[in-house]
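Summary of the model geometry
Residue strings, one per chain:
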Amino acid sequence: MQLTKYNHATVVLERDGATLVVDPGAFTSEAADLVRSATAVLVTHEHFDHLDVDAVRAGLEANPDLVVRGPQPVVDQLGAHDGRVGAVAAGDAFTVGPFAVRVFGEQHAVIHPDVPVIPNVGYLVDDAVFHPGDSYLVPGVPVPTLLMPTSGPWTHMAEAVDYVRAVAPERIVQIHEAMLSDLGQQSTARFLGPEVLGSVPVTILPAGESITV
């Protein structure tokens, strides 16, 4: 399976001619094109940096075979589109094209006590790649590749280190990096990796580049 990293939270997985787009958000300039050509779209939560509503709606109109899955507020924003947009929650498991997806959850990390907590789910695709959305969500199952959020108003270095230790992935790929400078990304990767407090190197994958997972 090929994993391609796009800006911030967006990741594309490709296998057997099928394409799975996770969190096509407004920080990703290619979001509309990625969604339009996708087999399926997975959305972890409704925040604009994870869900570009206009891009996904346009994709649903342009591609009659496209399906979208996300928490109920995502469905509420997009509409059902004859059942092609469906709600998922923790414990669900389903297939889209050749991809097997397991859902974990259920809430966004706390930003501040004055900010309401919204639904957030994580997706484990083909038991190979885990996208936690905006959370330090420990799925409690083996995770070969962890997509690790490194910036945002909810992130915290000490919690991030403990999260990586709890998940114990075989590989870490940075996501959710838009609020960090290059220097900040390198520093965060060192803290989370074996140079300082972790045990697995953090891969900083430039937008548009791919790896095999």
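Residues numbered from 1 in each chain as written. Predicted model: local features only at pLDDT ≥ 70, side-chain atom pairs only at ≥ 80, totals over all residues. Heavy atoms only, no water.

1. With respect to the environment of Ala 93
Structurally, the position occupied by Ala 93 is in strand S7 (residues 93-96). Of the residues examined, Ala 93 reaches a relative accessible area of 61% and is grouped as exposed. Separated by 30 residues in the primary sequence, Ala 93 and Tyr 123 have C-alpha atoms spaced 9.5 Å apart. Here Ala 93 is in contact with Val 101 and Arg 102, once residues within four sequence places are set aside. (Helix = DSSP H or I, 4+ residues; strand = E, 2+ residues; numbered from the N terminus. Buried < 20%, exposed > 50% of the residue type's maximum accessible area, 1.4 Å probe, protein only. Contact = heavy atoms within 4.5 Å.)

2. Observations concerning the sheet that holds strand S8 (residues 99-107)
Strands sit in the order S7-S8-S9-S10-S11-S12-S13 across an open sheet of seven strands; the sheet is mixed. Edge positions in the sheet fall to S7 and strand S13 (202-203), since each of these pairs with one other strand and no more. The pairing of strand S11 (residues 145-149) with strand S12 (residues 171-175) spans five bridges and is parallel. Each bridged residue has a counterpart across the sheet, and for Met 148 the counterpart in S12 is Gln 174. (Pairing = 2+ DSSP bridges.)

3. What about helix H5 (residues 182-192)?
Considered for burial, the residues of H5 that qualify are Gly 184, Gln 185, Thr 188, Ala 189 and Leu 192. For H5, the angular spread of buried residues about the axis comes to 135°, placing them on one side. More than 90 degrees from the buried face of H5, the exposed residues found are Asp 182 and Leu 183. Summarising the contacts, the buried residues of H5 are in contact with S11, helix H4 (157-167), S12 and S13. (Arc of directions from axis to C-beta.)

4. Observations concerning the sheet that holds strand S3 (residues 18-22)
Spatial strand order, S6-S5-S4-S3-S2-S1-S14: seven strands in an open sheet with mixed pairing. Of all strands in the sheet, those with a lone pairing partner are strand S6 (85-87) and strand S14 (210-212), marking the two edges. Neighbour to neighbour, the strand axes of the sheet diverge by 20° on average, direction disregarded. Pairing analysis gives three bridges linking S3 to strand S4 (residues 40-42), with the strands arranged parallel. Counterpart to Val 21 in the pairing with S4 is Val 41. (Axes fitted to C-alpha atoms, helices over the stretch in contact; angles between N-to-C directions.)

5. Some details on the packing of aromatic side chains
Enumeration over the complete set of coordinates arrives at four aromatic pairs. Taken together, a centroid distance of 5.9 Å and an interplanar angle of 85° make the contact between Phe 104 and Phe 130 edge-to-face. Within this pair, whereas Phe 104 is found in strand S8, its partner Phe 130 is found in strand S10 (residues 129-131), the two being separated by 26 residues in sequence. As far as burial versus exposure is concerned, Phe 104 and Phe 130 are alike and both buried. Between Tyr 136 and Tyr 163 the ring centres are 5.4 Å apart and the planes differ by 45°, which places this aromatic pair in the tilted class. Of this pair, Tyr 136 sits in the loop between S10 and S11 while Tyr 163 sits in helix H4; the two residues are 27 residues apart in sequence, bridging distant segments of the chain. With a relative accessible area of 18%, Tyr 136 lands in the buried category. Through a chain of ring-to-ring contacts, the aromatic side chains of Tyr 136, Trp 154 and Tyr 163 assemble into a single cluster. (Phe/Tyr/Trp six-rings, centres within 6.5 Å; stacked < 30°, edge-to-face > 60°.)

6. As for the pairing of S7
The two faces of S7 differ: Phe 94 and Val 96 on one face are buried, but Ala 93 and Thr 95 on the other face are not. Here S7 pairs with S8 via four bridges, running antiparallel. Following the sheet pairing, Ala 93 is matched in S8 by Arg 102. Linkage of S7 to S8, two consecutive antiparallel strands, is achieved through a turn of two residues, within which Gly 97 is found at a positive phi near 55°.

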